[in-house]
Amino acid sequence: MAPWGIILIAAAAAVFLFVIAPALLIFIAVFYHKKAIPFEQYDLKKYQNHYYIPFLSRIAAAREWIQSKPHTRVWQNSYDGLRLLGDYYDRGAARTAILFHGIGAEMYTNVSAHARFLYQCGFNVLITCQRAHGESGGRWTTIGLREQHDVLSWTRRAEELGAEEILLYGVSMGAASVAYASDKLRGTRVKAAVIDSGFYSIYEQMRRDAHKNHIPKIMLPAQQVLARLFLRVNLKQPTADTLARAAVPVFFLHGTGDETVECRWGKTNFEACASPKELLLVEGAPHTLSILHNPELAGKRLQGFFGKYFT
């Protein structure tokens, strides 16, 4: 074989080994279906420094409290034919709160405290399991981009269950799901939304995660290309774009101690939002945990917000 042929083969092999193969592995790790077990079942030695650890007992207590209430397991078909799981807590109210969890989370882990709070505020509560998580269908998560349509599907389901007024409450990826859906809520019974620890775009969040985990920058455009090819989504789409056309009032909640999603993105999304809005930055609160870090402040502000838009 000619020397140039050997060089081309070696170059192609190097590109595959050091760019394409790692990019595919990262893509699968990020977007493939999540087993989504409860955080309490994780290897606590491995996760001993995780920001959830100081809150585990309170999260477990909130889960136990909400799950002790009568509830019904429900299923909802997505726009693209998936079966999505939810648990419905019917307290006979006219208003229902629908909760959407974060990426990789089991459906209760990072919304149990929120569900308890909302139930105590007089809402029926519908806790959803996002696509490609746990028992919900789907091979791939799109971290909010397709999930925005699932938000609309669950909104219709809540209406079928008798909700006259609906609150959408999303945390992290769930916040993005709600944010991306925020301009599509006209004609629904949604009265308001809460965006808790929401990011600006998947691409920007992956850029931050890559920096934290010392992943080469070339992997970012590779993820964008793979997402375009296999998932038909644009990872660079900002949540701020849809919030600029938001159809319902939005409460933005973010902790200043959030080391997962930068607090500045909560501010950016708040500033972009075109509908009536409020912003609460909870001093020192970690990612998605403002309601446990300072329940008095977060609870008071949220109840005040609810009082403006729910009867």
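Small disclaimer: the values here were computed from a predicted structure and weren't measured.

*Asks:* Could you clarify how one ought to interpret the overall build of the protein chain in this entry?
*Replies:* Tallying secondary structure elements over the protein chain gives eleven helices and eight strands in all. Against the 2.2 N^0.38 benchmark of 19 Å for 311 residues, the protein chain shows a C-alpha radius of gyration of 20 Å, consistent with a compact globule. The principal-axis extents of the C-alpha atoms in the protein chain amount to approximately 80 × 45 × 35 Å. A total of 311 residues make up the protein chain; the buried ones form 52% of that total. If you take every contact in the protein chain between residues at least 6 apart in sequence, the share linking residues at least 24 apart comes to 75%.

*Asks:* Even after reading the chapter, I still don't get the pairing of strand E2 (residues 83-89), so can you show me in this structure?
*Replies:* On a regular strand, one side chain projects to one face of the sheet and the next to the other, so that they alternate. Counted residue by residue, E2 has six buried out of seven residues, so it is predominantly covered. In the sheet, E2 pairs with strand E4 (residues 124-128) via four bridges, with the strands oriented antiparallel. Its bridge partner lying in E4, Gly86 is registered against Thr128.

*Asks:* Hey, could you run me through the sheet that holds strand E6 (residues 190-196) in this one?
*Replies:* Pairing between sheet strands relies on hydrogen bonds along the backbone, with the strands arranged either parallel or antiparallel. What the eight strands build is an open sheet, ordered E1-E2-E4-E3-E5-E6-E7-E8; its pairing is mixed. The open sheet has two free edges, formed respectively by strand E1 (72-77) and strand E8 (277-282), since each of these has just one partner strand. Neighbour-to-neighbour, the strand axes of this sheet turn through a mean angle of 20°, independent of strand direction. Pairing between strand E3 (residues 95-100) and strand E5 (residues 165-171): six bridges, direction parallel. Residue pairing in the sheet places Phe100 in a bridge with Gly170 of E5. Of the strands in this sheet, E1, E2, E3, E4, E5 and E6 touch helix H4 (residues 147-160), which is tilted by about 125° from E1.

*Asks:* What exactly am I supposed to notice about helix H6 (residues 202-212) here?
*Replies:* Residues separated by three or four positions in an α-helix point in the same direction, a consequence of the helix having 3.6 residues per turn. Burial in H6 covers these residues: Ile202, Tyr203, Gln205, Met206 and Ala210. Buried positions in H6, seen along its axis, are confined to an arc of 160° and lie on one side of it.

*Asks:* Would you mind going over the nonpolar core with me for this structure?
*Replies:* Proteins that are soluble and globular tend to have nonpolar side chains buried together. Leu118, Ile127, Leu167, Tyr169 and Phe306 are the most contacted members of the largest nonpolar core, which totals 42 residues. With five residues, the single largest contributor to this core is helix H3 (residues 112-120). What Phe306 contacts, discounting residues up to four positions off in sequence, is Phe117, Leu118, Cys121, Phe123, Leu167 and Val194. Core analysis: the next-biggest nonpolar cluster, separate from the first, contains 28 residues, Val151, Leu168, Ala175 and Ala179 among them.

*Asks:* Got a minute to help me understand the packing of H4 against helix H5 (residues 173-181) in this structure?
*Replies:* Angle between the axes and distance between the axes: these two values describe a pair of packed helices. Relative orientation of the contacting elements H4 and H5 amounts to 80°, with a least axis distance of 8 Å. As far as their axial angle goes, H5 and H4 are roughly perpendicular. Together, Glu147, Gln148, Val151 and Leu152 of H4 and Ser177, Val178, Tyr180 and Ala181 of H5 make up the contact between the two elements.

About the criteria used
Residues numbered from 1 in each chain as written. Predicted model: local features only at pLDDT ≥ 70, side-chain atom pairs only at ≥ 80, totals over all residues. Heavy atoms only, no water. Helix = DSSP H or I, 4+ residues; strand = E, 2+ residues; numbered from the N terminus. Rg over C-alpha atoms; globule rule 2.2 N^0.38 Å. Buried < 20%, exposed > 50% of the residue type's maximum accessible area, 1.4 Å probe, protein only. Contact = heavy atoms within 4.5 Å. Pairing = 2+ DSSP bridges. Axes fitted to C-alpha atoms, helices over the stretch in contact; angles between N-to-C directions. Arc of directions from axis to C-beta. Core = buried A, V, L, I, M, F, W, Y, C linked by side-chain atoms within 4.5 Å. Parallel < 35°, antiparallel > 145°, perpendicular 65-115°, else oblique.

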